[in-house]
Protein chains: 2
Amino acid sequence: MDSFSFQIPTQIHVGRGKIQDLRNVKLPGKKPVIVTSGTSIKKFGYLDTLRIILSELQIESVIFDSVVQNPTKRNVEEIVEVFRENQCDFLIGFGGGSSIDAAKAAAAMLTNEGDLWDYVQIGTGKRKAFVHDPIPLIAIPTTAGTGTEGNATAVITNEATGEKVGIGCCFPRISLVDPELTINISPKYTAFQGFDALFHCMEAFIAKKAIPISNPLALDGVKIIFNNLATAVNHGENMDARSNMAWGATLGGMVICLSSCTTAHNIEHSLSGIKPAVVHGAGLIIISSAFHRLGAKRIPEKYAALADAIGISMPNQTIQEKAHAFLDAFEQLKFDCGVGKLCLRDYGFLESDFDEIIEKSHVIAGGAFSRDLYEITDSDLRTMLLESF
Amino acid sequence: MDSFSFQIPTQIHVGRGKIQDLRNVKLPGKKPVIVTSGTSIKKFGYLDTLRIILSELQIESVIFDSVVQNPTKRNVEEIVEVFRENQCDFLIGFGGGSSIDAAKAAAAMLTNEGDLWDYVQIGTGKRKAFVHDPIPLIAIPTTAGTGTEGNATAVITNEATGEKVGIGCCFPRISLVDPELTINISPKYTAFQGFDALFHCMEAFIAKKAIPISNPLALDGVKIIFNNLATAVNHGENMDARSNMAWGATLGGMVICLSSCTTAHNIEHSLSGIKPAVVHGAGLIIISSAFHRLGAKRIPEKYAALADAIGISMPNQTIQEKAHAFLDAFEQLKFDCGVGKLCLRDYGFLESDFDEIIEKSHVIAGGAFSRDLYEITDSDLRTMLLESF
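Residues numbered from 1 in each chain as written. Chains lettered and ligands numbered in written order. Predicted model: local features only at pLDDT ≥ 70, side-chain atom pairs only at ≥ 80, totals over all residues. Heavy atoms only, no water.

S.K.: I'd like a description of the relation of the copies chain A and chain B, backed by residues and values.
M.R.: Expressed as a screw transformation, the operator carrying chain A onto chain B has a rotation angle of 180° and an axial translation of 0.0 Å, and the superposed copies differ by an RMSD of 0.0 Å. The two molecules are tied by a two-fold rotation axis, judged by turn and shift. Of the C-alpha atoms belonging to chain A, the one lying closest to the rotation axis is found on P9 of chain A, 1.8 Å away. (Least-squares fit on C-alpha atoms with pLDDT ≥ 70 in both.)

Structure, rendered in structure tokens:
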């Protein structure tokens, strides 16, 4: 057994109506900035719910509702300004991954000097380490996807350099994972977000950085999502499926922090970097079949374990047969969720874009792909893109 | 899915030589009290290793080496006194569960007013809640058993009232789980401690309080311990088995905090309360076969899942057949570890002691047994004791 280290300090509450747990937890301050993008959370009354709870607790709050879809460094700076102007003392990240990530980065920049990009570890980042603990943050996700409520990473875009990077900056102090807040998500976005969560669990399991604590959680996440995603997509009102997906997504967030994602995520960041219309989950789905077919060839034992985890393997099967059975089940899940035919052409990519996609994937990886258990060459990448075309 | 909440904030480092990670972690203070029982850790040079690391870090430390096997309230008070007299600012719990538990309770009493028993939630305890965060504690276990490095509980004995209770008081800030520190443990104690860890995982899985995060970790712990305990017992020099057992034990500590133990632990506390010569692990082993035979009758689906986890079940088996297969594998493990025949008579119990054992089990449980998924009557208990006689 190789050595490993881990920590997930967040207090996590999961279940229907858990937003109401705000009444029971020890709040880390007296006056929060609520960070949100302010679209669906207003439309569906979630923001009102939160404000009612806070006002009943006699907690005055300030709302910052201008987080954009891929939250920017400027967004983070604006939150810092609003926080200081209003003399707030904690943050509530409320919404999808964008809102919570912007709040995470602001939490760190409120206690650490300089510019956010001083603390970025790749590209034009200055590779400094945060010195001080962040301002306390409560995360309340309204999607079942990124799992950001279960880790310390914020994905932030630098408008000046065009970089979109993950910054390890702030574990939420408390995360309230309430599946009732996901009930109005459309089938399409339920699928996109749900597959993002599934890929977090699958990739954390096959990644080079997988460790003894991440493996059972990742496999359990894969099982939960396989058992519930199609129901959540096709019967969005099914609260049991929504609850399981909410927990599966949180598990996904936890396991990519205990282990890591793989090159599949690099390729997707490259795709959505080139065509911003590519939603993250959709980009991952597009590349997924080709990516995992290659994986099942190179590390079939890992995919056999995935087959075991979802309960489809038989004892008399070879490793290769089990790995294939998993790939088949995966294709079936994509089909059942209505995303079986998603491909690069749907977003207007041309074969002539492949060079740029490959180059950008390397830039995002900081050079060589190093998070996989097997070597992925540019030729492999080109094959994957062609198969995903 | 029912709602659930959890938190394990400890930074955990696992692997050979991890005691050396003291050099790399952010120490939570400048002057620790090292809390230990000072027997084997001196004999085998572990204390010297720790002191060398600290002196190279130019960290002055104070040693409290008088922790007794079942650490007492007086022990805790003594540690508090030594800490204050020497103006220390953090604690290192170094040894078996006793040392770390005494340090945990002292950590809480150094920042909270009054008497330790004010914070005990059963018996003569005053059922108060701790108000302040404890003094930071680094846990360095030298056994693979209690798993106290993975949870907040300290088991402390009150000499005045005869009570031995678990007190939720302090998560270690950092735990360094170094299997090299367990290499000199005798086969007998390796078995006793290893079965304690196994029971933590098994009981956390079958307990009423089991939650989605505890189940995969508990099942993985059961699998790891089934695969490694007999080797650790019979080939104590096998570092891979020792490493896996160290991690299995930490998992056990984590899962009883995420879920709970069951009545098996109450019965054991009753046994060792009546006959202090009964080592905790031995007492658990004695009662285990009868306890789990009853469990496999009442909740066979849980024992079938245990069979699945250790990879011995076949798809064509019924739930009951799988549950039985698990019981058989469990008996084999006991036999392989040389503890297959351990029984109440070995410790001088008489059938006439059964009434007292049953009564004390209830007192420890605070009345009715409430941690099991099924009702356990006094008649069940009497049958178990007879079968364990």
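Still to come is the rest of the account.
S.K.: Requested: an account of the nonpolar core, with residues and values cited.
M.R.: The biggest cluster of nonpolar side chains holds 164 residues, and the ones touching the most others in it are F195, I213 and F326 of chain A together with F195, I213 and F326 of chain B. Filtering out sequence-adjacent residues up to four positions away, F195 of chain A remains in contact with L229, I285, F330, L333, K334, C337 and V339 of chain A. (Core = buried A, V, L, I, M, F, W, Y, C linked by side-chain atoms within 4.5 Å. Buried < 20%, exposed > 50% of the residue type's maximum accessible area, 1.4 Å probe, protein only. Contact = heavy atoms within 4.5 Å.)

S.K.: Break down the interface of chain A and chain B for me, citing the residues and quoting the values.
M.R.: If you look at the interface, chain A gives 30 residues, while chain B gives 30 residues. Taking both sides of the interface into account, the surface hidden between chain A and chain B amounts to around 2500 Å²; carbon and sulfur atoms contribute 58%. The largest contributions to the chain A side of the interface with chain B come from M1, F6 and W247 of chain A, which together make up 24% of the buried area. Inspection of the region where chain A meets chain B yields zero salt bridges. On the surface where chain A and chain B come into contact, there are ten residue pairs in polar contact (both at pLDDT 80 or more). (Buried area = accessible area lost by both parts, 1.4 Å probe. Salt bridge = Lys/Arg side-chain N within 4 Å of Asp/Glu carboxyl O. Polar contact = N/O pair within 3.5 Å; in protein donor to acceptor, adjacent residues only side chain to side chain.)

S.K.: Explain the environment of Y374 of chain A to me, and be specific about the residues and the numbers.
M.R.: For Y374 of chain A, the position within the fold is in the loop between α12 (354-365) and α13 (378-387). Here Y374 of chain A is in contact with F291, L294, G295, R298 and I299 of chain A, once residues within four sequence places are set aside. (Helix = DSSP H or I, 4+ residues; strand = E, 2+ residues; numbered from the N terminus.)

S.K.: For the pairing of strand β8 (residues 174-177) of chain A, give the residues involved together with the corresponding values.
M.R.: All names here are of chain A. Where burial is concerned, the two faces of β8 agree: the one with I174 and L176 and the one with S175 and V177 are both buried. Two elements, strand β1 (residues 4-14) and β8, share four bridges in a ladder whose sense is parallel. Bridge pairing in β8 places V14 opposite V177. In this structure, strand β5 (residues 137-141) lies alongside β8, joined through two bridges in parallel fashion. (Pairing = 2+ DSSP bridges.)

S.K.: A description of the UniProt feature "domain: Alcohol dehydrogenase iron-type/glycerol dehydrogenase GldA" (unreviewed entry) in chain A should follow, citing residues and the corresponding values.
M.R.: Within the UniProt annotation, "domain: Alcohol dehydrogenase iron-type/glycerol dehydrogenase GldA" (unreviewed entry) is assigned to residues 9-179 of chain A. In this annotation, residues 9-179 of chain A is assigned 24% helix and 23% strand; the end-to-end C-alpha distance for the span is 22 Å. (UniProt positions renumbered as here; feature names shortened; annotations may be inferred.)

S.K.: Which residues make up the UniProt feature "domain: Fe-containing alcohol dehydrogenase-like C-terminal" (unreviewed entry) in chain A, and what values go with them?
M.R.: Under the local residue numbering, the UniProt record ascribes the feature "domain: Fe-containing alcohol dehydrogenase-like C-terminal" (unreviewed entry) to residues 190-360 of chain A. Secondary structure across residues 190-360 of chain A comprises 73% helix and 0% strand; the distance between its end C-alpha atoms is 28 Å.

S.K.: Mind laying out the pattern of salt bridges, listing which residues take part and the relevant values?
M.R.: Residue and element names in this part refer to chain A. Per the counting criterion, the structure on display carries 32 salt bridges over all chains. Notably, a salt bridge pairs K360 with E356, separated by 3.3 Å at the nearest N-O pair. With K360 and E356 both in helix α12, this residue pair falls four residues apart, about one helical turn. Overall, the relative accessible area of 35% leaves E356 in the partly exposed class. One network of salt bridges, in which partners are shared, links K73, R74, E77, E78, E81 and D115.

S.K.: How would you summarise the sheet that holds β1 of chain A if you had to cite specific residues and measurements?
M.R.: Across the sheet, twelve strands lie side by side as β3(A)-β2(A)-β4(A)-β5(A)-β8(A)-β1(A)-β1(B)-β8(B)-β5(B)-β4(B)-β2(B)-β3(B); this open sheet has mixed pairing. Only two strands of the sheet have a single partner each, and these edge strands are β3 (62-64) of chain A together with β3 (62-64) of chain B. Within this sheet the neighbouring strands show an average axis-to-axis angle of 25°, counted without direction. With five bridges joining them, strand β4 (residues 90-95) of chain A and β5 of chain A adopt parallel strand pairing. The residue of β5 of chain A that forms the bridge with F94 of chain A is I140 of chain A. Set on the sheet, helix α2 (residues 46-56) of chain A makes contact with β2 (32-35), β3, β4 and β5 of chain A; between it and β4 of chain A the angle comes to about 150°. Where helix α3 (residues 73-85) of chain A meets the sheet, it contacts β2, β3 and β4 of chain A, and its direction lies at approximately 165° from that of β3 of chain A. (Axes fitted to C-alpha atoms, helices over the stretch in contact; angles between N-to-C directions.)

S.K.: Requested: an account of the packing of helix α8 (residues 263-274) of chain A against α12 of chain A, with residues and values cited.
M.R.: All names here are of chain A. Following both chains from N to C, one finds α8 and α12 inclined at 120°, their axes separated by 8 Å at the closest point. As summarised for this structure, α8 and α12 are arranged oblique, according to the angle between their axes. Handedness of the α8/α12 crossing: right-handed. Residue-level contacts link N266, I267, H269, S270, L271 and I274 of α8 to E356, I357, K360, S361, I364 and A365 of α12. Of the residues contributing to the contact of α8 with α12, the split by class is six nonpolar, four polar and two charged. (Parallel < 35°, antiparallel > 145°, perpendicular 65-115°, else oblique. Left-handed = near helix turned anticlockwise from the far one by under 90°. Nonpolar A, V, L, I, M, F, W, Y, C, P; charged D, E, K, R; others polar.)

S.K.: Can you explain unusual backbone geometry? Please cite residues and give values.
M.R.: In this model, R127 of chain A sits at a positive phi of 60°, which is unusual for a non-glycine residue. Relative to the elements of secondary structure, R127 of chain A occurs in the loop between α4 (97-109) and β5. Overall, the relative accessible area of 43% leaves R127 of chain A in the partly exposed class. Look at Q87 of chain B: it is not a glycine, yet its phi comes out positive at around 50°. Within the element layout of this structure, Q87 of chain B appears in the loop between α3 (73-85) and β4 (90-95). For Q87 of chain B, a relative accessible area of 69% corresponds to the exposed category.

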